[in-house]
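The lines below spell out each chain.
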Protein chains: 2
Amino acid sequence: MTWLDEVKWTAEGLVPAIAQDHATGQVLMMAWMSRESLALSLEEGRAIYWSRSRKALWRKGEESGHVQKLVEVRLDCDADVLLLRVEQLGGIACHTGRQSCFYRVYADGQWKTVDPVIKDSQDIYNGQRS
Amino acid sequence: MTWLDEVKWTAEGLVPAIAQDHATGQVLMMAWMSRESLALSLEEGRAIYWSRSRKALWRKGEESGHVQKLVEVRLDCDADVLLLRVEQLGGIACHTGRQSCFYRVYADGQWKTVDPVIKDSQDIYNGQRS
């Protein structure tokens with residue numbers, strides 16, 4: 001059994017991957033990885049997800065330059081979730097131009113946006129999200 | 001539309017929830033929440049997950065005492081992942097007796113256990129995992 005077989009893939013052959021800034025500890029995003037994308041990520045030393053909407057490999061940062069360099073990849077006790085500790089190039093993980101995708105906080109029955117846009121998303125992309 | 005409707009639930013009516021220690025930034029675990037469990041979590045100020053294996057509410061810490069007190073609940077840009085910033089009572093989130101469920105690191109084609117057991121799981125539970 002290889003390390004890839006130890007991962008408990010969903011029926012769709014995916015596993016959730018949490019990306020965390022290795023220096024600050026900030027949780028940046030969660031996306032999904034396929035067997036191929038996980039293997040490629042470790043081979044290339046950068047986060048390569050599986051885009052469920054586009055049904056294609058998603059080389060994080062390919063359009064935006066906001067590449068996530070892998071520092072460490074961890075597997076949880078149930079072997080069904082990954083934790084990527086990354087160096088976030090450009091300091092922005094979210095397609096909205098924020099550091100983290102988790103920029104809304106629950107308060108008084110609402111999700112309130114609390115984190116600033118670092119860079120306008122129009123300036124990040126010429127084309128599609130990445 | 002209420003704040004609960006803004007969450008994009010899976011076909012099974014669930015959403016992944018990442019628990020992070022609010023003081024240290026350590027990512028502790030990922031589990032799933034139902035609409036009911038999220039509402040109850042916010043009402044009671046503690047993490048209450050949905051156990052997919054038991055198909056029941058999972059009041060984290062009910063058996064172990066390792067309750068996760070909610071400090072903040074965040075929603076991501078796609079509204080399909082939650083981030084719980086918590087105070088981890090007992091300093092142990094994992095049923096194996098470790099601080100975090102992510103205690104295995106990829107290295108040289110293997111998942112290597114790198115984090116110590118803080119408390120023997122036999123001493124944590126008399127019965128089932130929680």
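Counting starts from 1 at the beginning of each chain's written sequence and moves along it residue by residue. Lettering for chains starts from A, numbering for ligands starts from 1, and both go in the order in which the items are written. Side-chain atom pairs in this predicted model are given and counted only at pLDDT of 80 or more, local residue features only at pLDDT of at least 70, and totals for whole chains, interfaces and linings cover all residues. With hydrogens and water set aside, each side-chain value is computed from the structure's full complement of heavy atoms.

(A) Summary view of the environment of Gln-99 of chain B. Residue and element names in this part refer to chain B. Numbering goes from the N terminus for both helices and strands, where a helix is a DSSP run of H or I of at least four residues and a strand is a run of E of at least two. Here Gln-99 is to be found in the loop between strand 6 (82-88) and strand 7 (104-107). Distance from Gln-99 to Val-86, taken between C-alpha atoms, is 13 Å for residues 13 residues apart in sequence. Throughout, a contact is declared for two residues whenever any of their heavy atoms are within 4.5 Å. If we skip the residues at most four places from it in the chain, Gln-99 touches Gln-26, Leu-28, Gly-91, Ile-92, Ala-93, Cys-94 and Ile-118.

(B) Looking closely at the sheet that holds strand 1 (residues 14-21) of chain B. In this description, strands pair whenever DSSP reports at least two bridges between them. As summarised here, the arrangement of the six strands in space is 8(A)-7(A)-5(B)-6(B)-1(B)-2(B), forming an open sheet in which the pairing is mixed. Every other strand in the sheet has two partners, leaving strand 8 (110-113) of chain A together with strand 2 (27-34) of chain B as the edge strands with one partner each. When strand polarity is set aside, the average angle formed by the axes of neighbouring strands in this sheet is 35°. Pairing of strand 5 (residues 68-75) of chain B with strand 6 of chain B, which is carried by seven bridges, proceeds in the antiparallel orientation. Its bridge partner lying in strand 6 of chain B, Val-73 of chain B is registered against Leu-84 of chain B. Whenever a helix is involved, its axis is fitted only over the stretch in contact; in every case the axis is a line through C-alpha atoms, and angles between N-to-C directions fall within 0 to 180 degrees.

(C) Spotlight on the relation of the copies chain A and chain B. A least-squares fit on C-alpha atoms brings the copies together, and the residues used are those whose pLDDT is at least 70 in both copies. After a rotation of 180° and a shift along the axis of 0.0 Å, chain A superposes on chain B with an RMSD of 0.0 Å. In short, the pair behaves as if placed about a two-fold rotation axis. Every residue of chain A has its C-alpha some distance from the rotation axis, and the shortest such distance is that of Gly-25 of chain A, at 2.6 Å.

(D) The UniProt feature "domain: Phosphoribosyl-AMP cyclohydrolase" (unreviewed entry) in chain A, seen in detail. UniProt positions are given in the numbering used here, feature names are shortened, and annotations may be inferred rather than shown by experiment. Per the UniProt annotation, the sites labelled "domain: Phosphoribosyl-AMP cyclohydrolase" (unreviewed entry) are residues 29-103 of chain A. The straight-line gap between the two end C-alpha atoms of residues 29-103 of chain A is 10 Å; of that span, 13% is helix and 39% is strand.

(E) Geometry of the pattern of salt bridges. Whenever Lys or Arg places a side-chain nitrogen within 4 Å of a carboxyl oxygen from Asp or Glu, that contact is recorded as a salt bridge. This model, assessed by the stated rule, comprises 14 salt bridges over all chains. It is possible to trace a salt-bridge network through shared partners that takes in Glu-72, Arg-74 and Arg-85 of chain A together with Asp-115 of chain B.

(F) Inspection of unusual backbone geometry at higher detail. Backbone geometry places Lys-55 of chain A, a non-glycine residue, at a positive phi of 50°. The residue Lys-55 of chain A is located in the loop between strand 3 (48-51) and strand 4 (56-59) in this model. Here the term buried applies to any residue with accessible area under 20% of the maximum for its type, exposed to any over 50%, and partly exposed to those in between, with areas from a 1.4 Å probe on protein chains only. Overall, the relative accessible area of 64% leaves Lys-55 of chain A in the exposed class. Positive phi, normally seen in glycine, also occurs at Asp-108 of chain B, with a value near 50°. With respect to the element layout, Asp-108 of chain B can be found in the loop between strand 7 and strand 8 (110-113). Given the relative accessible area of 69%, Asp-108 of chain B is considered exposed.

(G) Local environment of the interface of chain A and chain B. Taken together, the contacts link 39 residues of chain A with 39 residues of chain B. Here the quantity called buried area is the accessible surface, traced with a 1.4 Å probe, that two parts lose on coming together, added over both. With both chains or domains summed, chain A and chain B bury close to 3300 Å², and 64% of this area falls on carbon and sulfur atoms. At the surface where chain A touches chain B, the tally comes to four salt bridges. A salt bridge links Asp-80 of chain B to Arg-52 of chain A; its shortest N-O distance comes to 3.8 Å. Any pair of N or O atoms that falls within 3.5 Å is considered a polar contact. Within protein, one atom must be able to donate a hydrogen and the other to accept it, and sequence-neighbouring residues count only if both atoms are side-chain atoms. If you look at where chain A meets chain B, you find 17 residue pairs in polar contact (both at pLDDT 80 or more). Elements supplying a minimum of two residues to the side of chain A that touches chain B: helix 1 (3-6), strand 1 (14-21), strand 2 (27-34), strand 5 (68-75), strand 6 (82-88), strand 7 (104-107) and strand 8 of chain A. It is strand 5 of chain A that provides the largest number of residues to the side of chain A that touches chain B, a total of four residues. Across the side of chain A that touches chain B, the residue classes break down as 23 nonpolar, six polar and ten charged. The pairing of strand 5 of chain A with strand 7 of chain B spans two bridges and is antiparallel. Each bridged residue has a counterpart across the sheet, and for Arg-74 of chain A the counterpart in strand 7 of chain B is Val-105 of chain B. Following the grouping adopted for this structure description, the nonpolar residues are Ala, Val, Leu, Ile, Met, Phe, Trp, Tyr, Cys and Pro, the charged ones are Asp, Glu, Lys and Arg, and the polar ones are all others, Gly among them.

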